[in-house]
Amino acid sequence: NRFYYYSIVVYAVVCFLFVELYSNLPTYENRIKTMLLSQSIDGTDAFSDRLIYKLINNSSDFIEDSSRDGDIRKRAIELLVDFKHRNISSIFVLVSKDDKFYILLDSADKNSSEDVELFNLEGADEIESLVRAIESHSKQVHIQENIEDLGFTLIKPMIQKGEIPTFLVIDYTQSSYNSLTSLLMVSVKNITTFFA
């Protein structure tokens, strides 16, 4: 009797876990896709570290100097523009202040204007990615599901003097995302099927 009882309990637990896994399958697939995507852009990630180094080490106070010194600002924007290629839709630097995010530098700012604009966040997911970047002191990859022409975003904290006041944000095009995920989806499906 005990054997049957334990068998039924184990069977019920397995069924519950299977239903739980199946109902959360899209979430797990998204996490796996984000993890694989993050690993597949390691080359760009290394180049972005060099870009951050060039931006920050040109001044003792990056935010202050980029806001007030026209020459430093112009040079910083040139570095962003030089980094941009056909797979990147936009690249900019965000500053966090009072739970709001402001665009400090933008590769689209050809005139090097000294205006700092409030950054319009499309959804709560992006805020979560930025908060995770602050808390973990590490890069975050955010898949853009609500914006048609964007595929995914790489968010990198820019650390100066032990603080994380700024972020380098790189938006990748939908076509680059599609080409990467077409290869990744096979891996995602295989991993998900294995767990199922």
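The rules we used
- Residues numbered from 1 in each chain as written.
- Predicted model: local features only at pLDDT ≥ 70, side-chain atom pairs only at ≥ 80, totals over all residues.
- Heavy atoms only, no water.
- Helix = DSSP H or I, 4+ residues; strand = E, 2+ residues; numbered from the N terminus.
- Buried < 20%, exposed > 50% of the residue type's maximum accessible area, 1.4 Å probe, protein only.
- Contact = heavy atoms within 4.5 Å.
- Areas by Shrake-Rupley, 256 points an atom, 1.4 Å probe, with all protein chains shown as cover.
- Pairing = 2+ DSSP bridges.
- Expected span 1.5 Å × (residues − 1).
- Core = buried A, V, L, I, M, F, W, Y, C linked by side-chain atoms within 4.5 Å.
- Salt bridge = Lys/Arg side-chain N within 4 Å of Asp/Glu carboxyl O.
- Lys, Arg positive; Asp, Glu negative; His and termini not counted.
- Patch = residues over 30% accessible without salt bridge, like charges linked within 9 Å, V, L, I, M, F, W, Y side chains within 5 Å.

A.B. asks: Would you mind showing me how to read the overall build of the protein here?
C.D. replies: If you tally the helices and strands in the protein, you get 7 helices and 6 strands. For the protein, the N- to C-terminal ordering of α and β elements is α-α-α-α-α-β-β-β-α-β-β-β-α. Expressed as a percentage of the 196 residues in the protein, the buried residues total 39%. Across the protein, every contact between residues at least 6 apart in sequence was considered, and the portion connecting residues at least 24 apart equals 60%. With an accessible surface of roughly 12200 Å², the protein has 54% of that area assigned to carbon and sulfur atoms.

A.B. asks: Mind showing me how you'd approach the pairing of strand E1 (residues 88-97) here?
C.D. replies: Sheet faces and side chains relate simply in a regular strand, where the side chains alternate between the two faces. Judged by how many residues are buried, E1 sits mostly within the fold: 7 of 10 residues are covered. Of the pairings in the sheet, the one linking E1 to strand E2 (residues 100-106) comprises 6 bridges and is antiparallel in character. Note on E2: the bridge partner recorded for Val-95 is Tyr-102. Taking the residues between adjacent antiparallel strands as the criterion, E1 and E2 are bridged by 2 residues, where Asp-98 takes a positive phi near 50 degrees.

A.B. asks: Can you walk me through unusual backbone geometry in this structure?
C.D. replies: Only a minority of non-glycine residues have a phi that is not negative, and only a minority of peptide bonds are not trans. Within the chain, His-137 stands out as a residue other than glycine whose phi angle is a positive 55 degrees. Structurally, the position occupied by His-137 is in the loop between helix H6 (124-136) and strand E4 (140-143). Look at His-137 and you get partly exposed, because its relative accessible area is 47%.

A.B. asks: It is not clear to me how the pairing of E4 should be interpreted in this structure. Could you clarify?
C.D. replies: What you see with E4 is no split at all: Gln-140 and His-142 on one side and Val-141 and Ile-143 on the other are buried throughout. Where E4 and strand E5 (residues 150-160) come together, 4 bridges link them in antiparallel fashion. Pairing of His-142 across the sheet is with Thr-153, part of E5.

A.B. asks: I'm lost on helix H1 (residues 2-23) in this one. Help?
C.D. replies: In an α-helix, one turn spans 3.6 residues; hence positions three or four apart end up facing the same way. The end-to-end C-alpha distance of H1, which contains 22 residues, comes to 31 Å, matching closely the 32 Å that a straight helix rising 1.5 Å per residue would cover. Along H1, only 1 of the 22 residues are buried, which leaves the element largely exposed.

A.B. asks: Would you mind showing me how to read the nonpolar core here?
C.D. replies: One finds Leu-55, Val-93 and Leu-168 to be the most contacted residues of the largest nonpolar core, which totals 25 residues. Element by element, the count of residues in this core is highest for helix H5 (residues 70-83), at 5 residues. Grouped together as the second largest cluster of nonpolar side chains are 10 residues, Phe-101, Ile-155, Phe-167 and Val-169 included.

A.B. asks: Can you walk me through the pattern of salt bridges in this structure?
C.D. replies: Opposite charge on two side chains permits them to pair, given that their charged atoms come into close proximity. Inspection of the entire model under this criterion finds 3 salt bridges. For Lys-156, the salt bridge is made with Asp-49, and the minimal N-O distance between the two is 2.4 Å. Here the residue Lys-156 occupies a position in strand E5, and Asp-49 occupies one in helix H3 (residues 42-56), the gap between them amounting to 107 residues. What makes Lys-156 buried here is its relative accessible area of 6%. For Asp-49, a relative accessible area of 42% puts it in the partly exposed group.

A.B. asks: Please explain the side chain of Ser-48 as it appears in this structure.
C.D. replies: Mapped onto the secondary structure, Ser-48 falls in helix H3. Sequence-distant contacts of Ser-48, defined by excluding residues within four places in its chain, comprise Phe-83, Leu-154, Lys-156, Leu-168 and Ile-170.

A.B. asks: Even after reading the chapter, I still don't get the side chain of Asp-171, so can you show me in this structure?
C.D. replies: Topologically, Asp-171 is positioned in strand E6 (residues 163-173). No salt bridge is formed by the buried Asp-171. Its closest oppositely charged neighbour is Lys-84, at 9.3 Å.

A.B. asks: It is not clear to me how a nonpolar patch on the surface should be interpreted in this structure. Could you clarify?
C.D. replies: There is a patch of nonpolar side chains on the surface, built from Tyr-5, Tyr-6, Val-9, Val-13, Phe-16 and Leu-17 and spanning about 650 Å² of accessible area. Among the residues examined, Val-9 registers a relative accessible area of 36% and is labelled partly exposed.

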